[in-house]
Amino acid sequence: MKKTVIFWVAPLLLFFLGASEVWAQSTTFTGYVRNYTGILLKDDNNYSIVQDTFDLRIEHSRGKVAFKANPYIHFFPGKDPKIDLRQSYMDIYLDSADIRIGKQQIVWGKADGVSITDVISPKDLGEFLLPDFEEIRIGIQALKVDYYMGDNTLEFVWVPTFTPNKIPDENSIWYVQPVFPTTNIHYFKEDVPANLANSEAFLKYSAITSAIDYEIMVGYMWDDDPTMHVNQTIDPTSELSLTVTQKHHLLRLGGGSFSTTIAGYVVRGEAAYYTGKYFRSADPALIDAVVEKDYIHFLLGMDFSVWDIKMSLQMVEQKIQDYDEQIVNDENEDTVTFLISKDFLRETLRLELFSYIDINNNGSLVRPKMSYDLIDGFQILAGFDIFNGEDGKFGQYDDNDMIYSKIKYSF
Amino acid sequence: MKSLKKSLLIAMMFSASSFLAVAQAEITGLKVIENVYNRPVGDDMMGDLTMTLTNSRGENRIRKIKQLSKDLGEIEKKIMFFQYPADVRNTSFMTWGYDEAGRDDDQWIYLPALKKVKRISSDSKSDYFMGSDFTYDDLGDRHPTDDGHKFLREEVFEGSSCYVVESIPKDEEYMYSKTLTWIIKDKWIGLKKEFYDEDGDLLKILSVKKYEKIGGLWIILHSKMFNTQKKHTTDMELKNVKINSGIAANKFTVRMMKRGIR
């Protein structure tokens, strides 16, 4: 607890200790105010979300040190507002290295909208994958050191305490109830104790060159998604009873990514090999109905333009090694993403279509949207989120199709 | 010393030093345009660029950019930091351009919301820059050999003695059918340029409103591009210009794209 408080308060102290001087110097305040309203297309056209946001970015630098905080407030009708710090960190700039301490979002890899080596910051999945990625990523308390050698960078990240992905509340339209053969279930959670032995560490070497950009990384981390360990008991009334314990497991991973330009096409790739992952299994001989398997997650993508229309295509696969037919997950899970966009009216009007396609389950999420900058820094956006399929990660939300608007004033 | 001829700002730089002795008898359209294009303009530069976009109703949009460029021999590197409007603040854009004929630029963009640097494909030279009336070619990227040039005449324009050159693209599919350029004889500054569309109708007029000698080089500080068909104007003003200030090569890196200029 003490450590948590220090991580949050330290950047603020740095800011306020020299307040009078600080405010007179190069402190900048930027941010936005936004209304986000979504309406479900089915049933009674219930609101999927009504949210007003005030998001503030405070930055100050003083020579070789700098400070940034990003507090935000989400207001919801009839509910308590959500107040949090998306980021709050200090930077120290040395001749050949940068050090960042505090709550921060860290992004690795070359993939768009898919996490392969981008696994340091956990995700807030309270509204599935619909918010902007900046809002999906959870800031983590970490120490990050970047050492620069020309256009090459060695980056080390130490995360002292584990933060898991945030799943939707049970009363949310995005909550998915786990399926078991009985309703007589006792749920438990095993948290990862906050101590030095349970900290996470990551190392990345990256380079940009005229021919190719690439990253090579390794990580020692906790699985952001818990595995459900299931134990079956028969109580005195002969009723089946299940004990489900959510546990996080240690993962070790190594991977890399690249990006290059070939004849006007930007070609991107990313891959990571994970060990220590536990998967649910239907094998009755297994303890806790889980099995440990390695898996590989990889992507190949391409960005290009045709008649001023920008397009991006990514093919993603997750493949479980030494597969056992009893594992609940498919051996190969294939996903395709597709983006097409075009600007009009001197880049003030933008039409965009983004889609995830779940090959295994014939499901998809299709996201057409249109945005218009009424004046500089004032944007009106309208779009649809359409889920197709019956099951799988997108088809399971087939009833959650929605139309939405976002009106945003940036300052 | 290789010139910084592909830079946005360098496109606005014109010096007089080396070519004053060129005799009129030797002047051809190609020679005039080559002289403008190939002029030595320094090893590095930085400046604050403000673009004001004005539509036919008189409504303005402002774009503010801090930009740096450096000649590193066979590579010219430049980096732009977007400062206004608020929704693009802290976005940065880096380009490595090459002397090698036909080789495309390498380009990267840093989007603060995504928190990562992305390699992007080179913009088409006919694309408009940030919704303005300037294409990338208009800003100086177009090589003299891409067009056929014809010396038309000499005339006094706005008090300056100028060469007038007609340039016709060799590529018939190019967005302009021809351009006419008024170039100041003793400064090699393109004081005015008319752009004609594919039908031969006047499309745009570029006018230089202010230029000064900085660090021994002629620098255009204010130019205006007027689209005569859409009645849309872009004013491009340059301030805080520094030439040959010894910008370090490590300013043109991913580190600086993420950190921003300080």
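Details of the structure are given in the entry above.
Residues numbered from 1 in each chain as written. Chains lettered and ligands numbered in written order. Predicted model: local features only at pLDDT ≥ 70, side-chain atom pairs only at ≥ 80, totals over all residues. Heavy atoms only, no water.

**Q** Is there a simple way to think about unusual backbone geometry in this case?
**A** With the exception of glycine, the majority of residues adopt a negative phi angle, and the majority of peptide bonds are in the trans configuration. Put simply, B:Tyr84 and B:Pro85 share a cis peptide bond, and its omega is 10°. One non-glycine residue, A:Ala263, adopts positive backbone phi at about 50°. Tracing the chain through its elements places A:Ala263 in the loop between β14 (250-262) and β15 (265-280). The exposure class of A:Ala263 is exposed, given its relative accessible area of 72%. Even without glycine at this site, B:Trp188 takes up a positive phi of about 55°. Structurally, B:Trp188 can be placed in the loop between β9 (178-184) and β10 (190-196). (Helix = DSSP H or I, 4+ residues; strand = E, 2+ residues; numbered from the N terminus. Buried < 20%, exposed > 50% of the residue type's maximum accessible area, 1.4 Å probe, protein only.)

**Q** Help me out: how do you make sense of the interface of chain A and chain B in this one?
**A** Much of the literature gives interface size as the accessible area that the parts lose upon coming together. With 45 residues of chain A at the contact, the number on the chain B side is 40 residues. Both sides together, the interface formed by chain A and chain B hides about 3,200 Å², and carbon and sulfur atoms give 42% of it. Among the residues chain A hides against chain B, the three largest losses belong to A:Ser210, A:Arg346 and A:Asp376. Together they make up 23% of the total. Run the count over chain A and chain B and you get 9 salt bridges. For the pair chain A and chain B, the interface holds 23 residue pairs in polar contact (both at pLDDT 80 or more). Secondary structure elements with two or more residues in the side of chain A that touches chain B: β1 (28-40), β2 (47-62), β4 (82-93), β5 (97-104), β11 (212-222), β14 and β20 (363-375) of chain A. A per-class count over the side of chain A that touches chain B returns 13 nonpolar, 17 polar and 15 charged. (Contact = heavy atoms within 4.5 Å. Buried area = accessible area lost by both parts, 1.4 Å probe. Salt bridge = Lys/Arg side-chain N within 4 Å of Asp/Glu carboxyl O. Polar contact = N/O pair within 3.5 Å; in protein donor to acceptor, adjacent residues only side chain to side chain. Nonpolar A, V, L, I, M, F, W, Y, C, P; charged D, E, K, R; others polar.)

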